[in-house]
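# Fold and geometry: a report
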Amino acid sequence: MPGGFAAGIAFPASIEEAAALIAAAPRVLPIGAQSSLTGGATPRGDVIIGTRALTEIARLGDGRVRAGAGVPLVELQRVLAGDRLYYPPVPTYDGAFVGGTIATNAAGPATFKYGSARRWVDAITVVLANGAVLELQRGDVTASADGWLELPPTAGPRLRVPVPTYVMPDVAKLSAGYFARPGMDLVDLFIGSEGTLGFITHATLRVVPLPRRCVALVTFSSDAQAVRLTAALRARAGTAGGGAPALDVSAVEFMDSRALALVPDEIFQRTNIARPPPGAGFVLAQIEVRDNEDEVLETLADVLSECDVDADPHVVQTGDDRGVARLFALREGVPSSLNALIAATRARLQQDVEKTAGDMIVPFDRLEESLALYRSTFERDRLEYAIWGHVSDGNMHPNVIPRSLDEVHRGRTAILEIARGVMAMGGAPLAEHGVGRSALKQQMLRELYGDSGIDEMRAVKRALDPDWKFAAGVLFAA
Ligand SMILES: Cc1cc2nc3c(=O)[nH]c(=O)nc-3n(C[C@H](O)[C@H](O)[C@H](O)COP(=O)(O)OP(=O)(O)OC[C@H]3O[C@@H](n4cnc5c(N)ncnc54)[C@H](O)[C@@H]3O)c2cc1C
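Tallying secondary structure elements over the chain gives 13 helices and 20 strands in all. Relative to the compact-globule value of 23 Å for 478 residues, the chain shows a C-alpha radius of gyration of 22 Å, a close match. Overall size of the chain, expressed as C-alpha extent along the three principal axes, is 65 × 55 × 40 Å. Burial statistics for the chain: of 478 residues in total, 57% are counted as buried. Partitioning the intrachain contacts of the chain with sequence separation of at least 6 by distance along the chain shows that 72% fall at a separation of at least 24. Accessible surface, the chain: about 19,200 Å² in total, of which carbon and sulfur atoms supply 51%. For the chain, the distance from the average site of its 47 positive side-chain charges to the average site of its 57 negative ones is 5 Å.

This is the structure we're talking about:
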């Protein structure tokens, strides 16, 4: 997001340094790796508190690890892999930090099997606006029957927070303002609060044994076929009859033909993958393998033939980490190629042309309908576009490819219209990237919960941060 400016920047190396800084500063903005796609990590005159010096990792040895907020997830995975362990909720951009991903309740491809960051956070250390340090373990503080979260005395005299009464949409992942549910845990209030309620310095995370996985890149010829294929993979991943799933699918990613057209030839050559025929797209399925890999591949072949997939899939078997990395590089090539294109357009036109994208999620049975909505809206408005995303969750990123500032403006209007359609389907337009400072996303948040919902969020903020010290202007206007 353009136009950032800061009063200063600090990288506290301990909880005490962070607490002293926060108690003294009038306005602060926590940041992690600044990979936010919503302007949440862009300062507006605040003192930036970066987490990059909070990098310790302590193995607790009980299926949990304690990490500093500034640990990049790629580094966390590297350390865990040494002990054959794995932290599942990693966004596509794995350079994001532990603190940033908790603050946005980030999700990623494997959310389908494992859920978003929320499910994996057991405890957090947070510095509040008054400089008090909260050590919060799940179960320590839960909401009372009359809807209050009473903070422990260490937080300050008689601090209590009203639990909002809005009902969150029932979708696989959500990053849409403050979590709210009767009887909720105080830890959950900070997860997804985008730096507006406190500064997370450390977290205790649950980890699992490192899975063995194979990956299949499958060509599809229409949205209907991609949805059918994903539905079949989801069905095989279920354990309705008890026992192990037929296919232990952890993620299914989707790239339409327009998204693949953005990716330059060099990336295809480097990854050793042929471009699909015109009009075709790719589905990338990640499947965990416990013992019999041949059986897994046979079941996958059955699913593909059941879904009338003609082209042979490109399969990378377990153990071939470089092959897996090549397929993921192709997937990551989609957003990075669009970003490069937008940067080139901006330089050429000397206008504030910027990324114009949605982060939509719908219940899976409305997926095909939602894809039709994205396409028909953009095509009606004669906007260039591409669609990719975490299809197994029904979470798609419809992206405008703006060629002028006018198309950015028209693209935003189209995305707001799409957001309304998605909400009418029981979905949400704020699945995983958060709200940040984006005026468009703040409007979506208001439409999702109404003015009264935003007022309830303001009441939460006021209780914990009465001087509006933290991340003013993020989520809603100060
Ligand atoms: C190429 C690309 C792909 C991406 N793919 C995904 C994806 O698959 N899924 C997904 O969920 N996101 C994705 N993102 C978005 C982004 O990576 C996530 O939002 C990520 O969680 C941000 O982490 P960060 O460390 O960069 O945080 P930042 O961008 O630095 O901060 C994000 C927000 O968190 C707050 N914050 C940061 N650290 C703290 C802290 N210690 N305490 C309190 N508040 C804090 C900030 O104030 C800000 O509001 C992608 C981004 C890119 C560029």
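So, about the pattern of salt bridges. Counted according to the given criterion, the structure contains 30 salt bridges. The partner of Asp122 in a salt bridge is Arg64, with the nearest N and O atoms 3.0 Å apart. Taken as a pair, Asp122 in strand 7 (residues 121-127) and Arg64 in strand 5 (residues 64-68) lie far apart in primary sequence, 58 residues in all.

With that out of the way, let us pick up the site of the ligand. Neighbouring the ligand are 32 residues, the closest being Pro30, Gly32, Ser35, Ser36 and Ala107. Here Gln34 contributes a backbone N or O atom positioned 2.8 Å from an oxygen atom of the ligand. Interatomic distance of 3.4 Å between a side-chain N/O atom of His390 and an oxygen atom of the ligand. Taking 970 Å² as the accessible area of the ligand by itself, protein coverage stands at 93%. Put simply, the parts of the chain that give the shell around the ligand at least two residues each are strand 2 (28-31), helix 3 (98-103) and strand 11 (199-206). Broken down by element, the residue count for the shell around the ligand peaks at four residues, all from helix 3.

We now examine the side chain of Thr51. Within the element layout of this structure, Thr51 appears in the loop between strand 3 (47-50) and strand 4 (57-59). Residue Thr51 is classed as buried on the basis of its relative accessible area of 5%. Excluding residues within four positions of it along the chain, Thr51 makes contact with Ile31, Gly32, Ala69, Gly70, Phe97, Phe199 and Ile200.

So, about the layout of surface pockets. Within this model, the second largest pocket holds a volume of roughly 920 Å³. In terms of lining, the second largest pocket is formed by 31 residues, of which the most central are Gln77, Tyr86, Arg213, Val324 and Phe328. Taken together, the elements giving at least two residues each to the lining of the second largest pocket come down to helix 2 (73-82), strand 6 (85-86), strand 14 (248-255), strand 15 (281-288) and helix 10 (321-349). Among the elements that make up the lining of the second largest pocket, the one with the highest residue count is helix 10 (six residues).

Sheet strands associate in pairs through backbone hydrogen bonding, adopting either a parallel or an antiparallel arrangement. Strand order across the open sheet formed by three strands is 1-3-2, with parallel pairing between neighbours. Two strands close off the open sheet at either side, each with one partner strand: strand 1 (8-10) and strand 2. For this sheet, the mean inter-axis angle between neighbouring strands, taken without regard to orientation, is 25°. Sheet topology note: the strand 2/strand 3 ladder contains four bridges and is parallel. Bridged to Val28 within strand 3 is Val47.

Where helix 6 (residues 223-237) meets helix 9 (residues 293-306), the axes come as close as 9 Å, and the angle between the chain directions of the two elements is 145°. By crossing handedness, the relation of helix 6 to helix 9 is classed as right-handed. Contact residues: Arg228, Leu229, Ala232, Leu233 and Arg236 in helix 6; Thr299, Leu300, Val303, Leu304 and Glu306 in helix 9. For the contact of helix 6 with helix 9, the residue count by class is six nonpolar, one polar and three charged.

In this section: the state of the cysteines. Scanning all chains against the criterion turns up zero disulfides. Counting only cysteine sulfurs, Cys307 is the nearest neighbor of Cys214, a cysteine outside any disulfide, at a range of 17 Å. Look at Cys214 and you get buried, because its relative accessible area is 1%. Classification of Cys307 by relative accessible area gives buried; the value is 1%.

Attention shifts here to unusual backbone geometry. Generally, phi is negative for residues other than glycine and the peptide bonds are trans, each holding for most cases. Even without being glycine, Arg382 reaches a positive phi, approximately 50°. As for its placement among the helices and strands, Arg382 is situated in the loop between helix 11 (367-380) and strand 19 (385-390). Among the residues examined, Arg382 registers a relative accessible area of 67% and is labelled exposed. One non-glycine residue, Leu475, lies in the positive phi region at around 75°. Its place among the elements puts Leu475 in the segment after helix 13 (439-464).

Side chains of Asp291, Asp294, Glu295, Glu298 and Asp302 sit close together on the surface and give a patch of like negative charge. Assignment of secondary structure puts Glu298 in helix 9.

Moving on, we get to the sheet that holds strand 5. Read across the open sheet, the five strands follow the order 4-5-11-7-8; overall the sheet is antiparallel. Single-partner strands in this sheet number two, and they are strand 4 and strand 8 (133-137). The mean angle between the axes of side-by-side strands here comes to 15°, regardless of whether they run parallel or antiparallel.

In a soluble, globular protein the nonpolar side chains are often hidden away together inside. By size, the foremost hydrophobic cluster in this structure holds 120 residues, and its most contacted members are Leu76, Tyr87, Leu189, Phe190 and Leu205. For this core, the leading source of residues is helix 13, giving ten residues. In this structure, Tyr87 is in contact with Leu73, Leu76, Gln77, Leu80, Ala117, Trp120, Leu205, Arg206 and Val207, ignoring residues within four places of it in sequence. The next biggest cluster of nonpolar side chains, apart from the first, holds 24 residues, and it includes Ile267, Ile273, Phe282 and Leu327.

What counts and how
- Residues numbered from 1 in each chain as written.
- Predicted model: local features only at pLDDT ≥ 70, side-chain atom pairs only at ≥ 80, totals over all residues.
- Heavy atoms only, no water.
- Helix = DSSP H or I, 4+ residues; strand = E, 2+ residues; numbered from the N terminus.
- Rg over C-alpha atoms; globule rule 2.2 N^0.38 Å.
- Buried < 20%, exposed > 50% of the residue type's maximum accessible area, 1.4 Å probe, protein only.
- Contact = heavy atoms within 4.5 Å.
- Areas by Shrake-Rupley, 256 points an atom, 1.4 Å probe, with all protein chains shown as cover.
- Lys, Arg positive; Asp, Glu negative; His and termini not counted.
- Charge placed at Lys NZ, Arg CZ, Asp CG, Glu CD.
- Salt bridge = Lys/Arg side-chain N within 4 Å of Asp/Glu carboxyl O.
- Near = heavy atom within 4 Å.
- Polar contact = N/O pair within 3.5 Å; in protein donor to acceptor, adjacent residues only side chain to side chain.
- 1 Å grid on protein atoms, 1.4 Å probe; cavity = no way out; pocket = protein on both sides within 12 Å on 5 of 7 lines; lining within 4 Å.
- Points joined across faces, edges and corners; volume = space filled by probe spheres on them.
- Pairing = 2+ DSSP bridges.
- Axes fitted to C-alpha atoms, helices over the stretch in contact; angles between N-to-C directions.
- Left-handed = near helix turned anticlockwise from the far one by under 90°.
- Nonpolar A, V, L, I, M, F, W, Y, C, P; charged D, E, K, R; others polar.
- Disulfide = S-S within 2.5 Å.
- Patch = residues over 30% accessible without salt bridge, like charges linked within 9 Å, V, L, I, M, F, W, Y side chains within 5 Å.
- Core = buried A, V, L, I, M, F, W, Y, C linked by side-chain atoms within 4.5 Å.

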